[in-house]
Amino acid sequence: RAARTGDAGVRRYAPSMGQIFLRRFQLVTQFRQALDTGQVEVHFQPKIALRSRAVVGVEALVRWVHPEFGRLDPDEFVPAVEATGLVDALTSFVMERALIEVRGWLDRGLRISAAVNLSVRNLADENFPERVGEALSRHEVPPQLLTFELTESGVMSDPERALPVLRRLHALGVVLAVDDFGTGYSSLAYLRQLPVDEVKIDKSFVFGMGSDLSDMAVVRSIIELGHSLGLVVVAEGVEEDAVRDQLVEMGCDIAQGYLISRPLPLDRFEAWLQARTVRVRGLYDETVLTL
Ligand code: C2E
Ligand code: MG
Ligand code: MG
Ligand code: MG
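As named in an unreviewed UniProt entry, the chain is Diguanylate cyclase (GGDEF) domain-containing protein, taken from Actinoalloteichus fjordicus.

Draft legend 1. Looking closely at the overall build of the chain. Helix and strand counts for the chain stand at 11 helices and 12 strands. By its C-alpha atoms, the chain is 50 × 45 × 40 Å across when sized along the principal axes. Here the chain holds 291 residues, and the buried ones make up 49% of them. Expressed as a percentage of contacts within the chain between residues at least 6 apart in sequence, the contacts between residues at least 24 apart total 67%. With 32 positive and 41 negative side-chain charges, the chain shows a spacing of 2 Å between the two charge centroids.

Draft legend 2. Up close: the coordination of the magnesium ion (ligand 3). For the magnesium ion (ligand 3), the protein coordination sphere consists of Asp 179 (OD), Asp 180 (OD), Glu 236 (OE) and Glu 236 (OE), at 2.0 to 2.4 Å. The motif formed by the donor residues of the magnesium ion (ligand 3), counted along the single chain, is D-D-x55-E. Metal-to-metal, the separation of the magnesium ion (ligand 3) and the magnesium ion (ligand 2) is 4.3 Å; Asp 179 coordinates the two. With relative accessibility at 6%, the residue Asp 179 sits in the buried group. For Asp 180, a relative accessible area of 23% puts it in the partly exposed group.

Draft legend 3. Here's a closer look at the coordination of the magnesium ion (ligand 2). Note on the magnesium ion (ligand 2): its protein donors are Glu 59 (OE), Asn 117 (OD1), Glu 149 (OE) and Asp 179 (OD). The metal-donor distances range over 1.9 to 2.2 Å. Read in sequence order, the donor residues coordinating the magnesium ion (ligand 2) give the pattern E-x57-N-x31-E-x29-D. Judged by its relative accessible area of 4%, Glu 59 falls in the buried class.

Draft legend 4. How the structure looks around the nonpolar core. The biggest cluster of nonpolar side chains holds 84 residues, and the ones touching the most others in it are Phe 148 and Leu 247. Sort the elements by how many residues they give to this core and helix α3 (residues 87-107) lands first, with 11 residues. Apart from the residues lying within four places of it in its own chain, the contact partners of Phe 148 are Met 95, Val 116, Leu 118, Phe 128, Val 132, Leu 169, Val 174, Val 175, Leu 176 and Ala 177.

Draft legend 5. Up close: the pairing of strand β7 (residues 198-201). Here β7 shows two buried faces, one formed by Glu 198 and Lys 200 and the other by Val 199 and Ile 201. Pairing analysis gives three bridges linking strand β6 (residues 175-181) to β7, with the strands arranged parallel. Among the inter-strand pairings, Ala 177 is bridged to a residue of β7, identified as Glu 198. Bridge count between β7 and strand β8 (residues 232-236): four bridges; the pairing is parallel.

Draft legend 6. Structural view of the packing of helix α1 (residues 17-36) against α3. The contact between α1 and α3 brings their axes to 10 Å, and the two run at 25°. One finds that α1 runs roughly parallel with respect to α3. Between α1 and α3 lies a crossing whose hand is left-handed. Counting all contacts with α1, which are made through Phe 31, Arg 32 and Leu 35, the residues of α3 involved are Ala 89, Leu 90 and Phe 93. Class assignment for the residues of the contact of α1 with α3 results in five nonpolar, no polar and one charged.

Analysis parameters
- Residues numbered from 1 in each chain as written.
- Chains lettered and ligands numbered in written order.
- Predicted model: local features only at pLDDT ≥ 70, side-chain atom pairs only at ≥ 80, totals over all residues.
- Heavy atoms only, no water.
- Helix = DSSP H or I, 4+ residues; strand = E, 2+ residues; numbered from the N terminus.
- Buried < 20%, exposed > 50% of the residue type's maximum accessible area, 1.4 Å probe, protein only.
- Contact = heavy atoms within 4.5 Å.
- Lys, Arg positive; Asp, Glu negative; His and termini not counted.
- Charge placed at Lys NZ, Arg CZ, Asp CG, Glu CD.
- Donors = N, O, S within 2.8 Å, 3.2 Å for Na, K, Ca; no water.
- Core = buried A, V, L, I, M, F, W, Y, C linked by side-chain atoms within 4.5 Å.
- Pairing = 2+ DSSP bridges.
- Axes fitted to C-alpha atoms, helices over the stretch in contact; angles between N-to-C directions.
- Parallel < 35°, antiparallel > 145°, perpendicular 65-115°, else oblique.
- Left-handed = near helix turned anticlockwise from the far one by under 90°.
- Nonpolar A, V, L, I, M, F, W, Y, C, P; charged D, E, K, R; others polar.

Written as structure tokens, this is what we have:
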């Protein structure tokens, strides 16, 4: 699985440490300009409710179409950007794009929420919640339709600073999700102490659950414990029918993965959505998945 790096598939080269360092440096110095010149795009990957199969949300995922290196997946540049102040600009950029689309879907009668990934720096920024509140009002989007995904390590690296920010975000009414759950060192017990609403089971467990009993056990226990804490449980990395069926059986709430769709650029996502939208009594649109 390690060889898979998103849509692009294979790794193109095996760079030396020096090359990696140089490239990181280049990427960081070029990122601001990349944002301003339209090289940075947001792709959308749908999340469906496992019971109704309706599209309930999207995850907004950043892509950089670099003039020299081609299309870069976030794993190749987000960590470098995160080490700088530029991550504020990245998060704002993705949030703005996401809110514009959520508003547009609402205007067409579709209630689809958007999830934006946060980095540790956002959680250490005490002005961040205010900027989020301002963006929600400006776009006239109800806070329930914006989700922030945070990783365990992001919260746990500096809980003293992160917690007040999380509480203020939560007080705004936005949805908070713990991403990549199960990969960190922390236990489910700490989830109780965080103002979170949703837990996303890491894809490494979801990939394997069709054939690996221990992965299946991990997934099952995250679903059960998540529910016992009143959380919505999302499985990411759903690639196979059999896995989806097992998740339904285990009572998992929401699925995201290549089985449903890869992350798509806006125009292709819109076409995907259009093909799955039905008019309900000529009044409201509703998405129903036909998988
Ligand atoms: P993530 O938040 O856990 O996002 C899910 C990743 O899993 C995405 O990779 C998505 O394309 C991939 N994925 C979803 N379903 C499947 C599947 O069925 N099979 C496989 N093999 N992969 C699947 P992506 O887009 O490359 O993003 C990687 C990571 O980069 C994200 O992991 C997130 O941590 C980070 N990231 C992405 N966009 C942003 C952003 O705007 N800001 C920040 N701070 N981080 C971001
Ligand atoms: Mg995420
Ligand atoms: Mg994840
Ligand atoms: Mg990840």
